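Chain by chain, the residues run as shown.
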Amino acid sequence: MSEPAAPEQPPPGLDMSEFKLKIDHFDQVHVLGPENIIDGAPNFRQVSGFPIFGCAQPTENGFSDVLEKVPKGTEEKPVKTIWYNMREEPVIYCNGEPFAPRHPDRMHENMSIMEPVDEMNKLEQSFSEIIKARVNADEGKKLKIDKDAEFTENPMDRENIEETIEVNTVQSLYEVFTGLKQKGLKNLELIRVPVVEESAPREACFDILVDSLKQEPAGTQCVFSCQAGRGRTTLGMIIACQVKEILICTELRKMAEIGLVPQATAEDLIKQKFEFPLPRGQDDDDPFIKGEFDVIKELLEKLPSAKDGKAKIDRLIDLCGPGPKGTGLQNLRECIIETKWKYDVAPEDRQVAWRQIILNFMERYFYLICFATYAKEFGPAGFEKSFVSWMDEHSELRKMIENGKDKLEWYRQVDPAKLNTLKDLMNAPNYKENMPTIIRTIYEFAFITYADLPRGPIKNNSMRKLAAKTLIEILPSEVSTKVQERLDEQGANPDFVTLIGLVSFYGQE
């Protein structure tokens with residue numbers, strides 16, 4: 001695949017003249033520790049055993065520093081590097097720092113652009129010209145930019161602040177990349193794979209990656225980046241690992257067939273490189289950590305070949321995820337249930353965003369299993385059939401994930417017998433004398449309900465939230481009314497300890 005040509009005119013479809021400019025990097029964007037830290041390229045890492053790297057969107061200087069870490073071969077035998085931009089939204093550089101446009105009314109959402117890649121590249125160049133015009137229109141070359149006051153996982157908790165900076169240079173990502181090549185980095189190619197943040201990729205994105213790699217030598221280096229180097233970067237790394245593994249295994253087996261290496265040696269090499277055991281985690285046997293959700297189980301039942309696909313992609317997800325199994329930031333399977341735990345403890349007004357993220361993560365995982373199943377079937381022959389065509393032939397899978405991705409237990413099923421016991425204790429004439437027993441029973445009730453969660457703050461917060469909710473639910477009406485009025489006056493969420501104090505106070509009246 002060739003690099004995008006510099007566009008001569010902006011696309012007509014989207015007016016971005018009023019869009020704001022938001023800086024990519026934020027405080028504590030780098031979370032991988034000091035081992036491989038590169039200034040200007042947070043979260044840089046390599047997948048163990050693969051020529052595949054990932055990072056956050058680099059600064060202009062960060063690009064060069066990352067490429068210094070990537071093997072280049074020799075002058076006689078140079079090694080090619082493909083840089084994958086996993087972002088759908090345009091990327092603009094001011095003073096060498098990366099920024100992205102945001103709609104003025106949706107400052108905490110990256111853009112979603114349902115256009116061909118060429119149109120996205122034109123849009124990026126067009127927005128670069130808009131920013132250049134803004135800078136040139138100001139006598140002091142000043143530009144208003146936006147950033148988050150601090151990073152929070154839930155977009156609804158983010159606070160936007162505006163600043164003004166003096167701007168010396170404005171470039172599109174294409175212009176930055178062209179500058180790199182002019183500095184002598186000739187064996188370098190840029191490919192855009194347009195994925196929306198924390199969402200499932202479009203089916204065509206899988207084909208962009210496959211088409212870019214299926215004719216490449218095994219040694220071709222791959223670097224993936226998105227805003228923070230998290231979900232989209234990890235997604236690209238997983239897919240590239242799958243493609244490269246299939247190509248290498250196919251080549252080794254062909255060599256064995258024609259007698260260049262013994263069959264046993266070829267299989268031994270494959271096992272050593274791609275099937276070595278990974279470290280076990282303490283929650284590995286948890287069905288949800290293993291990705292055994294209803295819609296995934298339905299997929300494995302209706303498409304039996306997906307069982308092998310799931311096993312293969314799960315291993316690669318682990319390799320590309322956090323330690324001890326991998327070197328990355330996010331496990332694209334485990335993040336589904338981990339986000340569900342956050343949903344469980346979030347206030348109701350914040351659950352909306354968590355729920356949508358969970359559905360997106362479920363769909364992304366489903367499609368990764370589908371891709372692995374397709375790749376196992378058509379990869380050894382050179383990926384002659386596209387993933388989009390394969391999905392067309394299995395169109396029922398699209399309906400399956402659309403209808404099944406929200407088949408989760410959105411509300412915890414509580415033990416009705418224990419709840420009735422609590423209500424009886426509270427409704428008794430001497431309920432004040434029963435309070436120690438009630439409190440102990442509520443704690444037991446919460447512990448049993450969340451017994452499946454691993455120890456830590458999420459489990460503790462879940463238990464406290466359920467304990468408070470349960471206590472409010474079983475209070476006598478005359479006490480409940482007074483407690484609720486007091487909480488409304490304070491504008492406070494009903495913390496369990498606070499509730500006990502209020503119940504004790506109003507229960508004395």
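All of these numbers come straight from a predicted model, not from anything done at the bench.

Conventions we followed
- Residues numbered from 1 in each chain as written.
- Predicted model: local features only at pLDDT ≥ 70, side-chain atom pairs only at ≥ 80, totals over all residues.
- Heavy atoms only, no water.
- Helix = DSSP H or I, 4+ residues; strand = E, 2+ residues; numbered from the N terminus.
- Pairing = 2+ DSSP bridges.
- Expected span 1.5 Å × (residues − 1).
- Buried < 20%, exposed > 50% of the residue type's maximum accessible area, 1.4 Å probe, protein only.
- Phe/Tyr/Trp six-rings, centres within 6.5 Å; stacked < 30°, edge-to-face > 60°.
- Contact = heavy atoms within 4.5 Å.
- Salt bridge = Lys/Arg side-chain N within 4 Å of Asp/Glu carboxyl O.
- pLDDT = per-residue confidence, 0-100.
- Core = buried A, V, L, I, M, F, W, Y, C linked by side-chain atoms within 4.5 Å.
- Axes fitted to C-alpha atoms, helices over the stretch in contact; angles between N-to-C directions.
- Parallel < 35°, antiparallel > 145°, perpendicular 65-115°, else oblique.
- Left-handed = near helix turned anticlockwise from the far one by under 90°.

## Some words on unusual backbone geometry
At step 1: The omega angle of the peptide bond from Gly323 to Pro324 is 10 degrees, so this bond is cis rather than trans.
At step 2: Residue position: Pro324 is located in the loop between helix H8 (306–320) and helix H9 (334–345).

## Some thoughts on the sheet that holds strand S11 (residues 221–226)
At step 1: As summarised here, the arrangement of the 5 strands in space is S2-S3-S11-S4-S10, forming an open sheet in which the pairing is mixed. Looking at strand neighbours, the two that pair on one side only are strand S2 (45–46) and strand S10 (188–195), the edges of this open sheet.

## Brief notes about helix H5 (residues 231–257)
At step 1: Here H5 spans 39 Å end to end across 27 residues, near enough to the 39 Å set by a 1.5 Å rise per residue.
At step 2: Counting buried positions along H5 gives 21 out of 27 residues, so the element sits mostly inside the fold.
At step 3: In the stretch just after H5, Gly259 is the one whose phi turns positive, near 85 degrees.

## Quick notes on the packing of aromatic side chains
The description of an aromatic ring pair rests on the distance of the ring centres and on the angle between the ring planes.
At step 1: Inspection of every chain in the model, using the stated rule, returns 16 aromatic pairs.
At step 2: With a centroid separation of 4.5 Å and an interplanar angle of 5 degrees, the aromatic rings of Tyr84 and Phe224 are classed as stacked. Here Tyr84, found in strand S4 (residues 81–87), pairs with Phe224, found in strand S11; they are 140 residues apart in sequence, far enough to count as distant.
At step 3: Looking at Phe224, the relative accessible area reads 0%, which means it is buried.
At step 4: Aromatic side chains Phe371 and Tyr374 sit 5.7 Å apart centroid to centroid with 45 degrees between the ring planes, which places their arrangement in the tilted category. Residue Phe371 and its partner Tyr374 are both found in helix H10 (residues 348–378); the two are separated by 3 residues, about one turn of the helix.

## Brief notes about the side chain of Ser199
At step 1: Assignment of secondary structure puts Ser199 in the loop between S10 and helix H4 (203–213).
At step 2: Among residues more than four places away in sequence, those in contact with Ser199 are Asn360 and Arg364.

## Brief notes about the pattern of salt bridges
At step 1: Taken as a whole, this structure holds 35 salt bridges when the rule is applied.
At step 2: In this structure, Lys122 engages Glu119 in a salt bridge whose closest nitrogen and oxygen atoms are separated by 3.4 Å. Of this pair, Lys122 and Glu119 both sit in helix H2 (residues 117–136), separated by 3 residues, roughly a single helical turn.
At step 3: The exposure class assigned to Lys122 is partly exposed, which follows from its relative accessible area of 30%.

## Considerations on the confidence of the model for the chain
At step 1: Taken as a whole, the chain shows an average pLDDT of 88; of its residues, 95% reach a score of 70 or greater.
At step 2: Mean pLDDT values over the elements of the chain span from 73, in helix H17 (residues 496–507), up to 98, in helix H11 (residues 387–393).
At step 3: Considering only residues more than four positions removed or in separate chains, one finds that residues 1–8, a stretch of pLDDT under 50, has 19 contacts.

## Structural notes on the nonpolar core
At step 1: Counting 108 residues, the largest nonpolar core has Tyr84, Phe366 and Leu471 as its most contacted members.
At step 2: Among the elements that take part in this core, H10 stands out by supplying 17 residues, more than any other.
At step 3: The contacts of Leu471, once residues within four sequence positions are left out, are Met426, Ile442, Phe496, Leu499, Ile500 and Val503.
At step 4: Core analysis: the second largest hydrophobic core is formed by 19 residues, Trp83, Val91, Tyr93 and Val223 among them.

## Digging into helix H15 (residues 457–474)
An α-helix turns once per 3.6 residues; consequently, residues spaced three or four apart project the same way.
At step 1: Along its 18 residues, H15 runs 26 Å from first to last C-alpha, staying within 8% of the 26 Å computed at 1.5 Å per residue.
At step 2: Inspection of H15 places Lys459, Ser462, Met463, Leu466, Ala467, Ala468, Thr470, Leu471 and Ile474 among the buried residues, and these make up the whole buried set.

## Details of the packing of H10 against helix H12 (residues 396–404)
At step 1: Their axes nearest at 10 Å, the elements H10 and H12 cross at an angle of 155 degrees. In terms of orientation, H10 and H12 fall into the roughly antiparallel class. Here H10 runs over H12; the crossing is right-handed. Of H12, the residues touching H10 (which contributes Met362, Glu363, Phe366, Tyr367 and Cys370) are Leu397, Arg398, Met400 and Ile401.

## Section: the environment of Ile438
At step 1: Mapped onto the secondary structure, Ile438 falls in helix H14 (residues 431–449).
At step 2: When residues no more than four places from it in sequence are discounted, the contact partners of Ile438 are Leu422, Leu425, Met426, Tyr431 and Ile474.

## Some remarks on the pairing of S10
At step 1: Across the 8 residues that make up S10, a large majority, 8, are buried.
At step 2: With 6 bridges connecting them, S4 and S10 associate as parallel partners. What sits directly across from Tyr84, in S10, is Ile191.

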